[in-house]
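# Observations on the three-dimensional arrangement
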Amino acid sequence: MPAQSPSDRPYVLVLYYSRFGATRALAERLSAGVASIAGMDARLRTVPPVSPTCEAVDPEVPSEGAVYASLDDLRHASGLALGSPTRFGNMAAPLKYFIDGTSELWLSGALIDKPATAFTSTSSLHGGQETTLVSMLLPLLHHGMVYAGVPYSETALMHTQGGGTPYGVSHLAGTRSDRPLDEHERELAFAQGARLARLALALEKARGAKS
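To keep things clear, this report deals only with the structure shown in the data block. Because the structure is a prediction, the values reported are computed rather than measured.

## As for the overall build of the protein
When helices and strands are counted, the protein shows seven helices and seven strands. Listed by position from the N terminus, the elements making up the protein come as β-α-β-α-β-β-α-α-β-α-β-α-β-α. Against the globule reference of 17 Å for 211 residues, the protein gives a C-alpha radius of gyration of 16 Å, in line with a compact fold. When the backbone C-alpha atoms are referred to their principal axes, the protein occupies close to 50 × 50 × 30 Å. In the protein, which comprises 211 residues, the proportion classed as buried is 48%. A separation threshold of at least 6 residues defines the contact pool for the protein, and within that pool the share at least 24 residues apart is 76%. Positive and negative side-chain charges in the protein, numbering 18 and 20 respectively, have mean positions lying 4 Å apart.

## Description of the environment of Ala110
By the element assignment, Ala110 lies in the loop between helix H4 (103-108) and strand E5 (115-122). Placed 34 residues apart in sequence, Ala110 and Gly144 show a C-alpha to C-alpha distance of 9.0 Å. With sequence-adjacent residues up to four places away left out, Ala110 is seen in contact with Arg75 and Leu105.

## A closer look at the pattern of salt bridges
In this structure the tally under the stated criterion is nine salt bridges. The closest approach of N and O atoms between Asp73 and Arg43, which form a salt bridge, is 3.0 Å. Placement of the pair is Asp73 in helix H2 (residues 71-75) and Arg43 in strand E2 (residues 41-46), with a sequence separation of 30 residues. Note on Asp73: relative accessible area 8%, which makes it buried. Taken together, the salt bridges that share partners define one network made up of Arg43, Arg45 and Asp73.

## With respect to the environment of Leu111
Summarising the element assignment, Leu111 is placed in the loop between H4 and E5. Classification of Leu111 by relative accessible area gives buried; the value is 2%. Between the C-alpha atoms of Leu111 and Ser78, which are 33 residues apart in sequence, the distance is 8.5 Å.

## Structural notes on the packing of helix H1 (residues 22-35) against helix H7 (residues 183-210)
Between H1 and H7, the least distance of the axes is 6 Å, while the angle of their chain directions is 45°. Overall, the two elements H1 and H7 adopt an arrangement that is oblique. Here the hand of the crossing between H1 and H7 comes out right-handed. Touching Leu26, Arg29, Leu30, Ala32, Gly33 and Val34 of H1 are Arg186, Ala189, Phe190, Gln192, Gly193, Ala194 and Ala197, all from H7. Across the contact of H1 with H7, the residue classes tally to eight nonpolar, three polar and two charged.

## Side note on the pairing of E5
Side-chain direction in a regular strand flips from residue to residue, so the side chains alternate between the two faces of the sheet. The buried fraction of E5 is high, at eight of eight residues. Side-chain alternation along E5 places Pro115, Thr117, Phe119 and Ser121 on one buried face and Ala116, Ala118, Thr120 and Thr122 on a second face that is also buried. Bridge count for strand E3 (residues 79-87) against E5 is six bridges, and the pairing is parallel. Note on E5: the bridge partner recorded for Ala81 is Thr117. Looking at chain direction, E5 and strand E7 (residues 170-172) are connected through three bridges and run parallel. Along E7, the bridge assignment pairs Thr122 with Leu172.

So, how was this worked out
Once a new chain begins, its residue numbering starts again from 1 and follows that chain's sequence as written. It should be noted that, the model being predicted, local features are given only for residues of pLDDT at least 70 and side-chain atom pairs only at 80 or more, the latter also being counted only at that level, while totals for whole chains, interfaces and linings use all residues. Computation of side-chain values covers all heavy atoms of the structure but excludes hydrogens and water. Helix and strand definitions here come from DSSP, where helices need a minimum of 4 consecutive H or I residues and strands a minimum of 2 consecutive E residues; each element is numbered from the N-terminal end. In this treatment the radius of gyration is a C-alpha quantity, and the globule benchmark scales as 2.2 Å times the residue count to the 0.38 power. Buried, partly exposed and exposed residues are distinguished by accessible area as a fraction of the type maximum, computed with a 1.4 Å probe on protein chains only: under 20%, between the cut-offs, and over 50%, respectively. Contact definition: two residues touch when any of their heavy atoms are within 4.5 Å. In this count, Lys and Arg are taken as positive residues and Asp and Glu as negative ones, while His and the chain termini are left out. In plain terms, the charge of a residue is placed at NZ if it is Lys, CZ if Arg, CG if Asp and CD if Glu. Just to be clear on terms, a salt bridge is a Lys or Arg side-chain nitrogen sitting within 4 Å of an Asp or Glu carboxyl oxygen. Fitted lines through C-alpha atoms give the axes, limited to the stretch in contact for helices. The angle between two N-to-C directions lies from 0 to 180 degrees. When an angle is under 35 degrees it counts as roughly parallel; over 145 it counts as roughly antiparallel; between 65 and 115 it counts as roughly perpendicular; any other value is oblique. Two helices cross in a left-handed way if the nearer one is turned anticlockwise from the farther one by less than a right angle. They cross in a right-handed way if the turn is clockwise. Lys, Arg, Asp and Glu make up the charged group, whereas Ala, Val, Leu, Ile, Met, Phe, Trp, Tyr, Cys and Pro make up the nonpolar group; the residues left over, Gly among them, are polar. Strand pairing is assigned whenever DSSP identifies at least 2 bridges connecting the two strands.

Next comes the structure, spelled out in structure tokens:
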């Protein structure tokens, strides 16, 4: 049988890093989409910041928002949604630091054939949304995951004037990171989460049938 979560209840891990709250808002909306699918839970997790100062230590539990992710959160997940603001067209260092520490999951093949997706937020409209999504896609493929973006059957992709790409939902946060999710961004994030949950359920059954 495939590895299950300790509660034996399947879930999608929505794992993100957010500095000012915009990526977190997307994560919460995507989680709502996951939870809308019967039989699949959403597990919201974040990662701690990294610091160039070796002596800097953050508390083990963040003061607000989601708790920090563990490798077991990822190991037992039926699917993964990975979210980050852009840093020069790439994922943020705290999220990459966490992903770089998943070698044991790669060695054991723990994530093979599980669905995954990505989401991002930028302060400017052309601030590297698509390249950031692709940067998150690469390690997921190395893990053998099945990538799922946002299909054009989601008509908001054709009408959005904020964020939204076929590689994954995105958000235009504004130069002060205070622009809320607009109607199309909310719609796309919810749909992306629901699609990921449906795929996770289907692939979970397929893995169970093989064993």
